[in-house]
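Architecture and fold: a report
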Amino acid sequence: MRISVPDRPTGRLTDAWRRCVGTGRLELALRRDYQDSLALIQRDIGFHHIRGHGLLSDGVGVHRPYDYQGERRVQHSFSYLDQIVDAYLELGIRPFVELGFMPSGLASGDQTVFWWQGNVTPPESFPEWADLVRATVAHLVDRYGVDEVRGWPIEVWNEPNLAPFWPGADRDAYHRLYEVSAHAVKEVDASLLVGGPAISPGADDWLLPFATFVTDRQVPVDFVSRHAYTSGPAQHVPFGTHQTLAPAADLLTQFAAPRRHLAGTALADLPVHVTEFNSSYRPDNPIHDTAFHAAYLAPVLAGGGDLVDSFSYWTFSDMFEEGGIPTALFHGGFGLLTHRQIKKPTYHLYAFMARLGDEVLARGDDHLVTRHPDGRIAVLAWAPVDVTGLAPPPERHPLALSIPLGAPPPRRRSCSARRSARRPATPGRPGVRWAVPGHPAPPARRAAGGRRAGPDSRCPAGHRRPGGRGRHPQSARGHSAGAEPGGGRDAAVVGRRPPARAANRGGPEGATVSGGTQTWRQFGDGPLSRITARVHILLVVELLLLLSTLPGLLPVLLLSRDPSNLPVVALFLVPVGPAVSAALYALRHQRPDVTDLRPARWFWRGYRANAVGVLRVWVPTLLWLTVLAVNLAHLDAVGLPGWWVVPLVLIAAGVTLCAANALVITSLFDFRTRDVLRLAVHFLVRTPGVTVGNALLLAAAAAITAVSSEAVLALFASIAVLAFLRISDPMIHLIRKEFTA
């Protein structure tokens, strides 16, 4: 059933979904790999704030007590804190400050939580705690300016309703901590934002007493905070733990709970921040690494902003040490990224959200349609998931949308759609691919750099996903069978996708995998190895070009060069178009990795995916050129004067160059045929370097054919196609940037 999307917006998509993100303990921000991971997150998603534990714990080193002449004194050191906040601000993200945990020199007990032993006991001296809070906040104001820090919410503690985070889950003791902390913050500046109680799921009974306490005692509160998770208690089973999972709608119910419970209180109209949310609250649950997880959370990101002012995904990276230092690349960590910057499926869900517009045109159980201010339509679609696991997952999830394209000229632009398709193996699930070679250890430094583009590399925006062509956005159909995002500017489908690179199937560099075991081979990475790899790719592509065009080229070689044979030559050249397109596809996608050279796979994949679209461009081009060539060969017979040679040659050159652009666009992108032609003509003028380069390449091919024969040109076809691809790089870059990404 087709869903007609209205042209008028039905609401607005707020940025509550990316207003904050969680992190491991704050001192991790001193590490270079942490900052590199956060920079990647900010480039593709752009969170506004970041929240983590441990600001006042010993690891950051703010509270420094000492004895002087028998008297206890305290020094406040902000060296690490300054480096942490500086790093955040340089990356375009601001702190969502959590006041916790307790410095050991101020703690009233020795109860700790996590592997890094954050002390969770109340302060031995509340006045000294107030001094610590006041000094820390005042330092932030002095260093970064009061106007800046007024935009940093300050939350008091973390999940005090749980005994592991607050001894005995003593509510009255927390109220006292909150009162002292809130007054200390406001003493620095009355406009600073402070709030709580930062409770965990299942503790809604804390909300009304908290509201009563702050109202009766006139304690400042600027926002209400809580956490949301949907997994049940952990049940220990052999080799791990088991948790039940509630439907994702339960997260939205938890989001709505504070306003429901606080209705009629003085806190009813305050902002609500969900400062942690995820499916499982454990940092070792494999669901976090799966494609299922992306589809599970998609409706939450699509609708959560209607209920709360922010909801913070816990956490952005697997650089997270609550349970200890991660020992495996994929271990069920919370992160959008692994600790080696491999993008998990949920990362792509967030990256797609960042491409949506702010006007909501339609929202359903499996889609969100938005519009940008410039009229662009962006669609996020996903396959709803069954958390019970009782029903087998469907092979496909069809979705048909009729999208309005009512922007008046000159705003009306060509449109594109992109789809991720279910494949036979393990697409879109880097954790599964990593398991195939036997859970290898984290890669070496050089291999890690390649891995970011390996098991979960993002196919350049707008590039075709093998296995299917996208539909015209006015009738966009997405078929997603899992939950791994794939998509572009105008359409993003959360489904499963094939890997952009199949190097090593997720194993270490230099390992080939067969039957789940690793066989090690040593390969060099010097110039000779790279040259050998490129030669191998070109030779294979050359052989495939000859094989796929031989039925047409062989008769052409046998025909005499008589003008009467031109229509027959054109007929025999029909197979050349799909073959050249497949070669372009293979050379564009195959990397010169000597451990996994499979240009033939990419060639035939490109051939199958592109053949129909290429023929729509190639056959009319051959017809045009045949008509022009016949007229040029028989000027006298058709009654044309000699000067007609010039315009006819120019028209033939223009048609050929336009067709060359169209061939590249059809091979590497997924546009409608008429949009391909529009772009081909547009870039004929816009990228003169590409046009001149292709003209010279065609002239050289014509000269070789005239001087020798078509056979010589065929023997060097792969080199010619590679040159054609390199000449077209500027056009490819602009199309990806302006029409897809």
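Residues numbered from 1 in each chain as written. Predicted model: local features only at pLDDT ≥ 70, side-chain atom pairs only at ≥ 80, totals over all residues. Heavy atoms only, no water.

Thoughts on the overall build of the protein
Under the convention used in this document: Labels follow the DSSP assignment, with helices taken as runs of H or I lasting at least four residues and strands as runs of E lasting at least two, numbered in each case from the N terminus. Accessible area is worked out with a 1.4 Å probe on protein chains only. A residue is then buried under 20% of its type maximum, exposed over 50%, and partly exposed in between. Accessibility throughout is a Shrake-Rupley quantity obtained with a 1.4 Å probe, and a residue counts as covered only by protein chains that appear here.
Across its full length, the protein carries 22 helices and 26 strands. Here the protein holds 741 residues, and the buried ones make up 53% of them. When the accessible area of the protein is evaluated, it comes to approximately 31000 Å², of which 59% is carbon and sulfur surface.

Considerations on the packing of aromatic side chains
The condition is simple: Working definition: a ring pair exists when centres of Phe, Tyr or Trp rings (six-membered ring for Trp) sit within 6.5 Å. Plane angles under 30 degrees give stacked, over 60 give edge-to-face, the rest tilted. Charge-over-ring contacts are defined here by two conditions on Lys NZ or Arg CZ: a distance within 6 Å of the ring centre and an angle within 35 degrees of the ring normal.
According to the stated counting rule, one finds 29 aromatic pairs in the structure shown. Taken together, a centroid distance of 5.1 Å and an interplanar angle of 85° make the contact between F603 and W604 edge-to-face. Residue classification places W604 among the partly exposed positions, given a relative accessible area of 32%. Members of the aromatic cluster, joined through ring pairs, are W17, F47, F255, F277, F311, Y313 and Y350. Taking the ring centre of W602 as reference, the NZ or CZ of R605 above it sits at 5.1 Å.

Structural notes on the packing of helix α17 (residues 645-668) against helix α19 (residues 688-707)
What counts is decided by this rule: The axes are straight lines fitted to the C-alpha atoms, using for helices just the contacting stretch, and the angles between their N-to-C directions are given from 0 to 180°. When describing relative orientation, an angle under 35 degrees is termed roughly parallel and one over 145 degrees roughly antiparallel, while 65 to 115 degrees is termed roughly perpendicular and anything else oblique. Two helices cross in a left-handed way if the nearer one is turned anticlockwise from the farther one by less than a right angle. They cross in a right-handed way if the turn is clockwise. Residue contacts are defined here by distance: any two heavy atoms, one from each residue, within 4.5 Å place the two residues in contact.
For the pair α17 and α19, the least separation of the axes is 10 Å and the interaxial angle reads 110°. As judged from the angle between their axes, α17 and α19 are roughly perpendicular. Crossing geometry of α17 relative to α19 is assigned as right-handed. On α19, the residues touching T656, L657, A660 and N661 of α17 are V690, T691, N694, A695 and L698.

Focus on the side chain of N278
Applicable threshold: The definition of a polar contact used here is a pair of N or O atoms within 3.5 Å, where within protein one atom must be able to donate a hydrogen and the other to accept one, and adjacent residues in sequence count solely through side-chain atom pairs.
Looking at the element boundaries, N278 is found in strand β16 (residues 272-278). Of note is the side chain of N278, whose polar atom sits 3.3 Å from the side chain of S279. A distance of 3.1 Å separates the side chain of N278 from the side chain of H293, its partner in a polar contact.

Section: the nonpolar core
So the rule is basically this: The nonpolar core is taken to be a set of buried Ala, Val, Leu, Ile, Met, Phe, Trp, Tyr and Cys residues, with the residues joined through side-chain atoms within 4.5 Å.
Grouped together as the largest cluster of nonpolar side chains are 106 residues, with contacts concentrated most on L99, W129, W157, Y178, F277 and F311. At 9 residues, the largest contribution of residues to this core is made by helix α3 (residues 126-144). If we ignore the near neighbours within four places in the chain, the residues touching F311 are A16, W17, C20, F255, V274, F277, V300, L301, G304 and G305. Counting residues in hydrophobic clusters, the runner-up holds 46 residues, among them L544, L553, C658 and L679.

Quick word on the confidence of the model for the protein
Operational definition: The pLDDT value tells you how sure the predictor is about a given residue, anywhere from 0 up to 100.
Averaged over the protein, the pLDDT score is 80; the fraction of residues at 70 or greater is 79%. Long-range and interchain partners of residues 420-426, a stretch whose pLDDT sits below 50, account for 24 contacts in this model, where long-range means more than four residues apart. Low confidence marks residues 446-523, where pLDDT is under 50. Its contacts with residues over four positions away, or in another chain, come to 290 contacts.

A closer look at the environment of D284
When you line up the elements, D284 lands in the loop between β16 and α8 (291-303). Residue D284 is classed as partly exposed on the basis of its relative accessible area of 34%. The sequence separation of D284 and G333 amounts to 49 residues, and the corresponding C-alpha distance is 5.2 Å. Once residues lying within four places of it in the same chain are set aside, the contact partners of D284 are T241, H331 and G332. A polar atom in the side chain of D284 sits 2.9 Å from the side chain of R282.

Digging into a nonpolar patch on the surface
Convention followed: Surface patches are drawn from residues lacking salt bridges whose relative accessible area is over 30%; two like charges belong together within 9 Å, two nonpolar side chains (Val, Leu, Ile, Met, Phe, Trp, Tyr) within 5 Å. The salt bridge definition used is simple: a Lys or Arg side-chain nitrogen within 4 Å of an Asp or Glu carboxyl oxygen.
Residues I704, V712, L715, F716 and I719 make up a contiguous nonpolar surface patch of about 440 Å² in total accessible area. Among the structural elements, L715 can be located in helix α20 (residues 710-715).

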